[in-house]
Amino acid sequence: MVASVAAVPAGSAQSSADRPNPCAGTVTEPATGTTVVSVQGFEFGEDGGKRPAKLVGVGPSGEIRWVHGMAEKYDVTWGYDVDPLANGNVFVTATLPDERTLVYEFDPRTQERVWSQTFDLADTHDADLIGGGEEILIANMRNYDEETGENDDSLRVYNRTTGEFEWVWRFDDHYDPDQLEENYTDDWTHVNDVDRIGDGLYLASPRNFDQAIVVNRSTDEIAMKLGADGEKDVLNEQHNPDYLESENGTPTILVGDSENDRIAEYELAGDPTDGTDGWNRTWTLDGDLDWPRDADRLPDGDTLVTDSRNHRVAEVTPEGEVVWEVYAPWLIYDAARLQTGEHGGPTAEDLNATGTYEIDGGANLHANESRLTACHRTLENVSGWAEGQAPETTDGATGDDTTEGALAGNGDDGRATDLPESGADVDAGDETTDADNSTGVPGFAPLAALAGLFVALVGIRRRAA
């Protein structure tokens, strides 16, 4: 195991190089670059409750490089998706206490926002830049309108130039509420993710429908569907599906199968809209996982796994061996490796690694409450760049690993290189007509009811993002 170092507060009598890092688990192979971890901000247990949302930048050997306290800086309630951009920055999705959605581009080198935008959309777990950075693709949920009796859970595209939603795809137009188990008047779809996977093709995750779907923007039809409502053995309230494609062009979906406590990879084997018989599960990672909510296939074939309720991010080999592991309490939502992006990498079939594997070789720090608490305190004591970790300059000229090897600019994939550099917030709230959210704070029940969450763990897990 490689023991990395932790940051300590400025002015401490003990330097960070002399102090062990309580957040580092197994590290037998250094990572290929900085890993950005999005901490949603909640601790379960008798003494738990709401905790600050943050981003944590972790170096190749598990060292804490920087901490971006979005709760403190921008009054963020819940931290959600984080996407790497071609210029070395990250695109962040979060929610605010007044039931609005906040998205912004964050520059790790300066530790500042480049630009930001808010929407009168109560609960959004994922928004992505598309169209060369000129459009924002949004997955929005919890939009039942008591006055109209309609649920407006939707996918939508916002045009940053016109300030208008130029495309809105309502789930109610494509699903019959009477044929689904979920409560139409409550958190109906819980659509927690949407990604552009091709020209006008969007992969979305209506979690409560136990499905991952591909929507064709030009036809407004569902072109692919993995899973079916109530078919829990296929997907069970999944998060953050990623699209892969085998060497022979076979569509493949890698997904955090959260309530099944596993990572699952499915390969198209028949009718792409037959969610149960049209797909074969080709790779499964299970074992000591607790509510995993993201899995990214890396270029070398390893998988970066967000093991949410174990508060860890682990890079595992195709056979399930942990080679890199870091902890970031409390309740991780997403993680991304800056140099490699979120999507792509070889399929299990191409790796000759099909089958079921148990995650193995981790440090098991999630079973050590004192170690998790020590890690939490370490992260609390870092604001911005950690001691001894800041790059020599902030213009990316030093070859620091936050920019070195960044994705090649490709306006079509939504990772824009020419984003505006104004620091002003842009409020798009007046452009929306979504109803007030009656179900409370995004991700959980209302803050006022947090005390009741401790005795309703099953309910929490269903309601959490």
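Residues numbered from 1 in each chain as written. Predicted model: local features only at pLDDT ≥ 70, side-chain atom pairs only at ≥ 80, totals over all residues. Heavy atoms only, no water.

J.: Would you mind going over the nonpolar core in detail, with residue names and values included?
T.: By size, the foremost hydrophobic cluster in this structure holds 26 residues, and its most contacted members are Val37, Val56, Val313, Trp324 and Leu379. Elements represented by at least two residues in this core include exactly β2 (35–39), β5 (54–58), β6 (64–68), β28 (322–327), β29 (332–337) and α2 (369–380). Take this core: its biggest share by element is four residues, from β28. If sequence neighbours within four positions are ignored, Val313 has contacts with Val37, Leu304, Val305, Thr306, Trp324, Glu325, Val326, Ile332 and Ala335. Ranked by size, the runner-up nonpolar core spans 22 residues in total, among them Ile130, Leu155, Trp167 and Trp188. (Core = buried A, V, L, I, M, F, W, Y, C linked by side-chain atoms within 4.5 Å. Buried < 20%, exposed > 50% of the residue type's maximum accessible area, 1.4 Å probe, protein only. Helix = DSSP H or I, 4+ residues; strand = E, 2+ residues; numbered from the N terminus. Contact = heavy atoms within 4.5 Å.)

J.: Outline the sheet that holds strand β20 (residues 221–226), listing residues and values.
T.: Overall, antiparallel pairing links the four strands, which are arranged β17-β18-β19-β20 in an open sheet. The open sheet is flanked by β17 (191–198) and β20, the only strands paired with a single partner. The average undirected angle you get between the axes of adjacent strands in this sheet is 25 degrees. (Pairing = 2+ DSSP bridges. Axes fitted to C-alpha atoms, helices over the stretch in contact; angles between N-to-C directions.)

J.: Lay out the sheet that holds strand β1 (residues 24–27) with the relevant residues and their values.
T.: Whenever strands of a sheet pair, they do so through backbone hydrogen bonds, lying parallel or antiparallel. With respect to topology, five strands assemble into an open sheet ordered β1-β28-β27-β26-β25, the strand pairing being antiparallel. If you trace the sheet from one side to the other, it starts and ends with β1 and β25 (292–297), each paired once. This sheet shows a mean twist of 15 degrees between the axes of neighbouring strands, independent of strand direction. Of the pairings in the sheet, the one linking strand β27 (residues 312–316) to β28 comprises five bridges and is antiparallel in character. The residue bridging Val316 from the neighbouring strand is Val322, located in β28.

J.: A description of the state of the cysteines should follow, citing residues and the corresponding values.
T.: In protein structure, a disulfide is the covalent linkage between the sulfur atoms of two cysteines. Taken as a whole, this structure holds one disulfide when the rule is applied. Note on cysteine connectivity: Cys23 is disulfide-linked to Cys375, with sulfurs 2.1 Å apart. Since a negative S-S torsion denotes a left-handed disulfide, the Cys23-Cys375 link at about 110 degrees is right-handed. Of the two residues, Cys23 sits in the segment before β1 while Cys375 sits in helix α2, which places them 352 residues apart along the sequence. There is no split in this pair, since Cys23 and Cys375 are both buried. (Disulfide = S-S within 2.5 Å.)

J.: Help me get a handle on the pattern of salt bridges, residues and values and all.
T.: Counting across every chain of the model gives 19 salt bridges. Between Glu150 and Arg170 there is a salt bridge, and its shortest N-O distance comes to 4.0 Å. Of the two residues, Glu150 sits in strand β14 (residues 150–151) while Arg170 sits in strand β16 (residues 164–170), which places them 20 residues apart along the sequence. The class of Glu150 is partly exposed, set by a relative accessible area of 40%. A relative accessible area of 17% means that Arg170 is categorised as buried. One continuous salt-bridge network, built from bridges that share partners, spans Glu150, Asp152, Arg170, Asp172 and Asp173. (Salt bridge = Lys/Arg side-chain N within 4 Å of Asp/Glu carboxyl O.)

J.: Pulling in residues and values, what's your account of the packing of aromatic side chains?
T.: Applying the stated rule across the entire model yields 17 aromatic pairs. Where Tyr74 meets Tyr104, the ring centres are 5.3 Å apart and the plane angle is 70 degrees; that geometry is what we call edge-to-face. Here the residue Tyr74 occupies a position in helix α1 (residues 70–74), and Tyr104 occupies one in strand β9 (residues 101–107), the gap between them amounting to 30 residues. Since its relative accessible area comes to 15%, Tyr74 is described here as buried. Judged by relative accessible area, which is 0%, Tyr104 ranks as buried. Taking 6.3 Å as the distance between ring centres and 80 degrees as the angle between the ring planes, the aromatic pair formed by Phe171 and Phe209 counts as edge-to-face. (Phe/Tyr/Trp six-rings, centres within 6.5 Å; stacked < 30°, edge-to-face > 60°.)

J.: If you had to explain α2 to someone new, which residues and values would you point to?
T.: If you check α2, its first and last C-alpha atoms are 16 Å apart, about what 12 residues at 1.5 Å a residue would give, namely 16 Å. Those residues of α2 lying buried are Leu372, Cys375, His376, Thr378 and Leu379. Along the axis of α2, the buried positions cluster into a sector of 160 degrees, meaning they face one direction only. Exposed residues on α2 whose side chains face more than 90 degrees from its buried face are Glu369, Ser370, Arg377 and Glu380. Of the surrounding elements, those touching the buried residues of α2 are β5, β6 and β28. (Expected span 1.5 Å × (residues − 1). Arc of directions from axis to C-beta.)

All we've got here are geometric facts, nothing functional implied.
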